[in-house]
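# Descriptive analysis of the structure
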Amino acid sequence: MHALVTGANSGIGKEIARQLLDAGHTVYVGARDAARGQAAVDELGGDARLLVLDVTDEQSIAAAVAQVGELDVLVNNAGINNGGAPVSEIDLGAMRLAYETNVFGVVAVTNALLPVLRRSASPRIVNISSGTASLGWSTGPNPQFDHRRGSYAAAYRSSKTALNALTVFYAQDLAEAGFKVNALAPGLRATNLVPAMSGMSPEARAAAGIGNPAEAATEAVRLALLDKAGPTGGFFSYDGSIAPW
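Here is a short report on the structure shown in this document. (Residues numbered from 1 in each chain as written. Predicted model: local features only at pLDDT ≥ 70, side-chain atom pairs only at ≥ 80, totals over all residues. Heavy atoms only, no water.)

Ordered by their spatial adjacency, seven strands build an open sheet running β3-β2-β1-β4-β5-β6-β7, and the pairing between neighbours is parallel. Edge positions in the open sheet fall to β3 (48–52) and β7 (235–237), since each of these has one partner strand only. Averaged over neighbouring strand pairs, the angle between their axes works out to 20° when direction is ignored. Bridging between strand β2 (residues 26–31) and β3 involves five bridges; their strand directions are parallel. Bridge pairing links Y28 to R49 in β3. Against the sheet, helix α2 (residues 34–44) engages β2 and β3, with an angle of about 170° to β3. (Pairing = 2+ DSSP bridges. Helix = DSSP H or I, 4+ residues; strand = E, 2+ residues; numbered from the N terminus. Axes fitted to C-alpha atoms, helices over the stretch in contact; angles between N-to-C directions. Contact = heavy atoms within 4.5 Å.)

A separate point is the packing of aromatic side chains. Within the structure shown, the criterion is met by two aromatic pairs. With a centroid separation of 6.5 Å and an interplanar angle of 55°, the aromatic rings of Y99 and F104 are classed as tilted. Classification of F104 by relative accessible area gives partly exposed; the value is 45%. For the pair F235 and W245, a centre-to-centre distance of 5.4 Å together with 20° between the ring planes defines the contact as stacked. With F235 in strand β7 and W245 in the segment after β7, this residue pair connects regions lying ten residues apart in the sequence. Judged by relative accessible area, F235 falls into the buried class, the value being 1%. You can call W245 partly exposed: its relative accessible area is 39%. The ring of F236 carries the charged tip of R222 above its face, separated from the ring centre by 5.6 Å. (Phe/Tyr/Trp six-rings, centres within 6.5 Å; stacked < 30°, edge-to-face > 60°. Buried < 20%, exposed > 50% of the residue type's maximum accessible area, 1.4 Å probe, protein only. Lys NZ or Arg CZ within 6 Å of the ring centre and 35° of its normal.)

Moving on, we come to the environment of R36. Note that R36 resides in helix α2. Judged by its relative accessible area of 59%, R36 falls in the exposed class.

Turning our attention to helix α3 (residues 58–65). Three or more residues of α3 are buried, namely S60, I61, A64 and V65. Viewed end-on, α3 has its buried residues packed into an arc of 130°, placing them on one side of the element. More than 90 degrees from the buried face of α3, the exposed residues found are E58 and Q59. In this fold, the buried residues of α3 make contact with β3 and α4 (92–117). (Arc of directions from axis to C-beta.)

Dropping the structure here:
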């Protein structure tokens, strides 16, 4: 099996790549920066292959797709979280940047790779979303996420809500072709999306409820390797439970 994980040089993406490699699969390690991507490939070993890929650049996408001869799994992991402003204070440039990567980049990469994925006997797409994108968890009398300031990180969170909608649309559009398309809420993890976490000790992370990226990767890999009876068009939490839209 051949898989491509975007944004795989660090964090959850690298752990997804690691677990797929451990299962004996060939993995294209997508990375914007060639040096960082190569460092990840060298660390991961196995049949890891560097794929320089900037999901916001059409030429980069075209060049990367030209190098992918076979593909069974696409994990759209690359994303950015560029600020915690509430919607009433949001900078439109920051919002456009979030959508360029987290939404438009996913569409551009997915659509460019569909011809290759269609040749697979079991094509799978996994979109790495966020629990903060859930409207169900963000509303109601007891919201899981604080909504008192008009949705903190509104650009990031709304872009991931849009990604959830795209997950449903792709699942519906590609169902007859045998695709399984699902989204994952990975939980709060120590990744580059939250730079402040990088300086925290493991004990401090645990106390703050910040988990290991490998835990989220396990569920992403499960979704990547679903059999024909598996679900499609779903939104799943890292523990395998169904997350509310």
